[in-house]
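Structural overview
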Amino acid sequence: MKPFKELTSCAASLPRDNVDTDAIIPARFLKTIARAGLGAGLFADLRRNPDGAATDFVLNQPPFDKAEILIAGANFGCGSSREHAPWALLDFGIRCVVAASFADIFRNNCFANGILPIAIEDAATLAALHQAAERGEEVSVSLPDKQLRFGNHTYAFAIEDGRREALLEGRDAIATTLSRENEIAAFETRRAQAQPWLN
Amino acid sequence: MAPRTLFAKIWDAHSVAEQEDGTTLLYIDRHLIHEVTSPQAFAGLRASGRRVRAPQATLAVPDHNVPTTERAAGIAGITDPESRLQVEALAANCAEFAIPHIAMEDLRQGIVHVVGPEQGLTQPGMTIVCGDSHTSTHGAFGALAFGIGTSEVEHVLATQTLPQRKPRSLRISLTGTPPAGTTAKDLILHLIGAIGTAGGTGAVIEYAGEAIRALSMAGRMTVCNMSIEAGARAGLIAPDAKTYSFLEGKPLAPKESDWQAALAYWQSLASDAGATYDQEIVLAADEIAPQVTWGTSPEEVVAVTGRVPDPKAARDAAQEQTWQASLDYMGLEAGQAMTEIKIDRAFIGSCTNGRLEDLRAAAAVAKGRKVASHVSALVVPGSGLVRQAAEAEGLDKVFKDAGFEWRDPGCSMCLAMNADKLARGERCASTSNRNFRGRQGPGGRTHLMSPEMAAAAAIAGAISDARKFL
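Residues numbered from 1 in each chain as written. Chains lettered and ligands numbered in written order. Predicted model: local features only at pLDDT ≥ 70, side-chain atom pairs only at ≥ 80, totals over all residues. Heavy atoms only, no water.

Remarks on the sheet that holds strand β3 (residues 96-99) of chain A
All names here are of chain A. On the basis of which strands lie adjacent, the open sheet formed by seven strands has the order β4-β3-β2-β1-β5-β6-β7 and mixed pairing. Strand pairing shows two members of the sheet lacking a second neighbour, β4 (116-119) and β7 (153-156), which therefore form its edges. Strand-to-strand twist of the sheet, defined as the mean angle between neighbouring strand axes without regard to direction, takes the value 25 degrees. Bridge count between strand β1 (residues 6-13) and strand β2 (residues 69-71): three bridges; the pairing is parallel. The residue bridging Ala12 from the neighbouring strand is Leu70, located in β2. (Pairing = 2+ DSSP bridges. Helix = DSSP H or I, 4+ residues; strand = E, 2+ residues; numbered from the N terminus. Axes fitted to C-alpha atoms, helices over the stretch in contact; angles between N-to-C directions.)

Spelled out as structure tokens, the structure:
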């Protein structure tokens, strides 16, 4: 996983609540056994008309077609658990999603892929960020400082310490867990005695 | 010991380690996998030279890409090469890593969340995960079951654990007795309408109250299945005599002395009197009528006796805009009676409503009637065993005589991934779980409802109150 430290980019504004993972990547794009190349399916039904022509969706418009930050409303990433959603964002070039709130599984999937999800609960700050993004202003994110900056705003965002460290280091979560293999084996031994029907 | 909730008991019993970062390393008892969200996890294992820690705790079954017609040819009969590749990859990965696999040709094949309980894999007190958000279904048995992403699938394959931050606890009590003709699907749709699609975010819901206790296991699975549509990580219902009786004798359920030991443990799982929750919600079930969604989010739902809401009545400007956009997409007018809405398609099936009891309920409406001439209607059993049992009761004949297509098991038209999907602009009465834009096909329009209601809509050719057909 690529570490996440700092990022400065224009930001694509998608001021909608409840953007679901079927919208982020429709199921017909999930028929792949690879992680790469899913950017083509990102927001496919919003980026293309039925005849295939590009729409005026924000990610189709320069400079936002190169945006590394996406800004949305509440409950972003709700619905299906498909990790293809963060894979598609990442493949398109998005490394950070800012929203009023996130659905749980999507948020977990972001961290597993080096994408930083930032929740801004304060409605006025989020509205100001959308406006700055629409004007094409640059937005800066610093994970070491836990700050998001745009215009003359500085927003201190919250993130769990463990999540932050894992992103900063690009750490392999499986290797971390396997360092506890003795404890896992001890648990399995205890469980085999207490609940033999689970063996 | 202080009184604990069902959720806390399961959580505590599966803690391998409390970690410095505040997460718990949680042991996973059972891991279900399917063909869409697992191939990249196996590729990751292979790339890092890792093994599967507990292959026998894992069960694989293809469901999302499996066609519901022309099944005699097996995998070779999947005409879409990409779908075929995923189903082939699942079989090859299971062979390589020695994981039990119910192949596409197996009579037991079906939707992973129908197959797990049917085989007795799903048991009270377990932790169960699957790379699928509707894993919450298994909570109906008092198991802590939740959907995960593919990186987490790889994590569980490699370690049989997951680092998890403890979710908050939310008890939702449905009190009273629902009116005749109100089903489990109506209860959960009404509940989602009441608390919203983010109402359960960050929470494990424990469903309680007389209306929940009165539900059959199939009904409880329908309720827990749609916990994710309320935003929750998982839904749980305390096990009781119905749970044990469902499980007894199932192929993977404990046997003989193990059964007695398991039963004693399961009976200790219910939340203790005096246990406290982070949040409690109480809803009266006495007046919940059959529900239908009108919009493009499961929370956009009304009683079948109601009308399409007017965006001007929304709580704020943002919701007004959202509602208007939903009406535009759905091709509906504010104030229209729900029963004036004509449909083109009906879909009875899915992990929400593809069990035998669901098919019986739909067949009771369909019996001796005919699907409207402009409607094409599908019935897709949740598994091969459901299909077989339904045929033994003659339900297939009831459906076919009424003009429904009787299909082979799979996820089918729930998600527009296989051949079963809506054409642009088509309107569907569906027993599935999501009415998102394009969910059943680009430009398709979905109205979520119970099996009885979907059958009634197919026959009337328009959304209808199924109570008039019973």
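Side note on the layout of surface pockets
What the second largest pocket holds in volume is close to 1,300 Å³. Taken together, 45 residues line the second largest pocket, and the ones lying closest to its centre are Arg16, Ala23 and Leu46 of chain A together with Ala325 and Arg437 of chain B. Secondary-structure elements contributing two or more residues to the lining of the second largest pocket are α1 (21-24) and α2 (44-47) of chain A together with α11 (317-330) of chain B. At six residues, α11 of chain B tops the list of elements feeding residues into the lining of the second largest pocket. Here the residues of the lining of the second largest pocket are counted per class, giving 18 nonpolar, 14 polar and 13 charged. (1 Å grid on protein atoms, 1.4 Å probe; cavity = no way out; pocket = protein on both sides within 12 Å on 5 of 7 lines; lining within 4 Å. Points joined across faces, edges and corners; volume = space filled by probe spheres on them. Nonpolar A, V, L, I, M, F, W, Y, C, P; charged D, E, K, R; others polar.)

Topic: the packing of helix α2 (residues 39-48) of chain B against helix α3 (residues 81-97) of chain B
All names here are of chain B. The contact between α2 and α3 brings their axes to 10 Å, and the two run at 35 degrees. Remark: the crossing between α2 and α3 carries left-handed chirality. On α3, the residues touching Pro39, Phe42, Leu45 and Arg46 of α2 are Asn93, Glu96 and Phe97. Within the contact of α2 with α3, the residues separate by chemical class into four nonpolar, one polar and two charged. (Left-handed = near helix turned anticlockwise from the far one by under 90°. Contact = heavy atoms within 4.5 Å.)

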